[in-house]
Amino acid sequence: MNLSHQPAAVAVAGPRGTERSLARRAELIAIGRRLFADTSYDALSMDDIARQAHVAKGLIYYYFRSKRGYYLAIVQDAVADLVAFAASGADLPAVDRVHRTIDGYLRYAEQNQAAYRTIVSGGVGFDTEVHAIRDSVREAIILTIAEGAYGRTDLTPPARMGLLSWVCGVEGATLDWVDRPELSRDTMRELLVKTLGGVLRAVEEIEPACPAPAPARREG
C-alpha cells in the first residue's frame, strides 16, 4: 500500500477551531469511514471520494491537506472508538470485560476490514504514523487484559511479553478470519479467550508473582 504524500490542491489555512468547522470535519470523517470500510487506500482517488461523498474535492484538502491526511484522520477516528471501547467497562467482572473487549475488537475488524488491514499490516514498515496507530491499539488491549487479569497495569517483563505475544497472534488470526470467515464471531471470540488463558498460565509458570486469574485455571 502506498501512503505517500499527495499534493495539496488548495492553500490551507491554520487550524480550524470553530464549532461549525469541527462539526464539518467530523462529518467528512464519518463519510470517509463509510467509504473506506471495505475499500483500500489505493482503490479510491480523491475524485472518487469527492464524488461519492457529494462534496467538492477542495473541501477535503481544506480540512485534511492531502488524501493521506484524510485517510489517517479516518483511521485514527475509528481506532479511537475501538480504544475507548476497550478501556471502558471497568465495572464489569474480569471475565465479562475480556469477552466484551475481544468481541468489540473482532466487530471492528469485521466492519472495517480495509482499515484494519492497514493498521496491522499495510502500513507497517512504510508509514510511521500508521505504525503508531497500531501500537496504540496494542497498548490499549494489553492494559485492558492486564487490568482484568491482574488488577493492575504495571506489568513485569515476562507478563508484558506474554500479553504482547497474544495480541500479535490475535492480529494475525483476525486478518486471516476477515479474509476467510469460516468461523462465527462467537466461536472466534471463544477461541481467542481460551488461548489467552493458556498465555496467562504460561506467564504464571515463568513469573509466579503474576498468578493466572481463577477463570484461566484448568480444573482438576
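Look above for the structure.
Per-chain numbering applies: the sequence of each chain, read as written, is numbered from 1 onward. Reporting in this predicted model follows two pLDDT cut-offs: at least 70 for local features of residues, and 80 or more for side-chain atom pairs to be given and counted; totals over whole chains, interfaces and linings ignore these cut-offs and use all residues. Only heavy atoms go into the side-chain values, all of them from the structure, while hydrogens and water stay out.

Caption draft 1: Just the overall build of the protein, in detail. Counting its regular elements, the protein contains nine helices and zero strands. Written out in order from the N terminus, the α and β elements of the protein read α-α-α-α-α-α-α-α-α. A 1.4 Å probe rolled over the protein chains alone gives each residue an accessible area, and that area as a share of the maximum for its type sets the label: buried under 20%, exposed over 50%, partly exposed in between. Burial statistics for the protein: of 220 residues in total, 44% are counted as buried. We call two residues in contact whenever any of their non-hydrogen atoms come within 4.5 Å of each other. Sequence separation of 24 or more characterises 67% of the internal contacts of the protein that already satisfy a separation of 6 or more. Here a strand is any run of E in DSSP of at least two residues, a helix any run of H or I of at least four, and the numbering for each starts at the N terminus.

Caption draft 2: Representation of the side chain of Ser-66. Inspection of the secondary structure puts Ser-66 in the loop between helix H3 (57–64) and helix H4 (67–87). At 2.9 Å, the side chain of Ser-66 and the backbone nitrogen of Gly-69 are in polar contact. Residues adjacent in sequence count toward polar contacts only when both atoms are side-chain atoms; beyond that, a polar contact is any pair of N or O atoms within 3.5 Å, and within protein one must be able to donate a hydrogen and the other to accept it.

Caption draft 3: Broad picture of the packing of helix H7 (residues 128–150) against helix H8 (residues 157–179). Two numbers describe how H7 lies on H8: the axes approach to 10 Å, and their chain directions differ by 125 degrees. If you check the angle between H7 and H8, you find them oblique. When you trace H7 past H8, the crossing you get is right-handed. Between H7 and H8, the contacting residues are Arg-134, Arg-138, Glu-139, Ile-141, Ile-142, Ile-145, Ala-146 and Tyr-150 on the first element and Ala-159, Arg-160, Leu-163, Leu-164, Trp-166, Val-167, Cys-168 and Glu-171 on the second. Only Asp, Glu, Lys and Arg are considered charged, only Ala, Val, Leu, Ile, Met, Phe, Trp, Tyr, Cys and Pro nonpolar, and every remaining residue, Gly among them, polar. Along the lines of polarity and charge, the residues of the contact of H7 with H8 split into 11 nonpolar, no polar and five charged. Here an angle of 0 to 180 degrees is reported between the N-to-C directions of two axes, which are lines fitted to C-alpha atoms, with helices fitted over the stretch in contact. Oblique is the label for any angle not under 35 degrees, not over 145, and not in the 65 to 115 range, which are roughly parallel, roughly antiparallel and roughly perpendicular in turn. Crossing handedness is defined as follows: a turn of the near helix away from the far one that is anticlockwise and smaller than a right angle gives a left-handed crossing, while the clockwise case is right-handed.

Caption draft 4: Broad picture of the environment of Arg-97. Mapped onto the fold, Arg-97 is located in helix H5 (residues 94–111). Measuring from C-alpha to C-alpha, the distance between Arg-97 and Ile-145 comes to 8.5 Å, with 48 residues separating the pair along the chain.

Caption draft 5: Representation of unusual backbone geometry. For His-54, which is not glycine, the phi torsion reads 60 degrees and is therefore positive. With respect to the helices and strands, the residue His-54 is situated in the loop between helix H2 (46–53) and H3. Positive phi values are uncommon outside glycine, yet Arg-65 reaches one of about 75 degrees. Mapped onto the elements of the fold, Arg-65 is located in the loop between H3 and H4. Exposure remark for Arg-65: the relative accessible area of 48% places this residue in the partly exposed category.

Caption draft 6: Highlighting the packing of aromatic side chains. Only the six-membered ring of Trp is used, alongside the rings of Phe and Tyr, when aromatic pairs are assigned; centres must lie within 6.5 Å, and planes under 30 degrees apart are stacked while those over 60 apart are edge-to-face, with the rest tilted. A full pass over the atoms with the stated rule returns six aromatic pairs. Considering the side-chain rings of Tyr-105 and Tyr-116, the 5.7 Å spacing of their centres and the 90 degrees angle between planes classify their relative orientation as edge-to-face. Here Tyr-105, found in helix H5, pairs with Tyr-116, found in helix H6 (residues 113–122); they are 11 residues apart in sequence, far enough to count as distant. The two residues Tyr-105 and Tyr-116 agree in class, both being buried. Linked through ring pairs, Tyr-62, Tyr-63, Phe-64 and Tyr-70 together constitute an aromatic cluster. Here, over-ring charges are defined by two tests on the NZ atom of lysine or the CZ atom of arginine: distance to the ring centre within 6 Å, and angle to the ring normal within 35 degrees. Lying across the ring of Tyr-41, Lys-67 places its NZ or CZ 4.3 Å from the centre.

So yeah, pure geometry; function would need other evidence.
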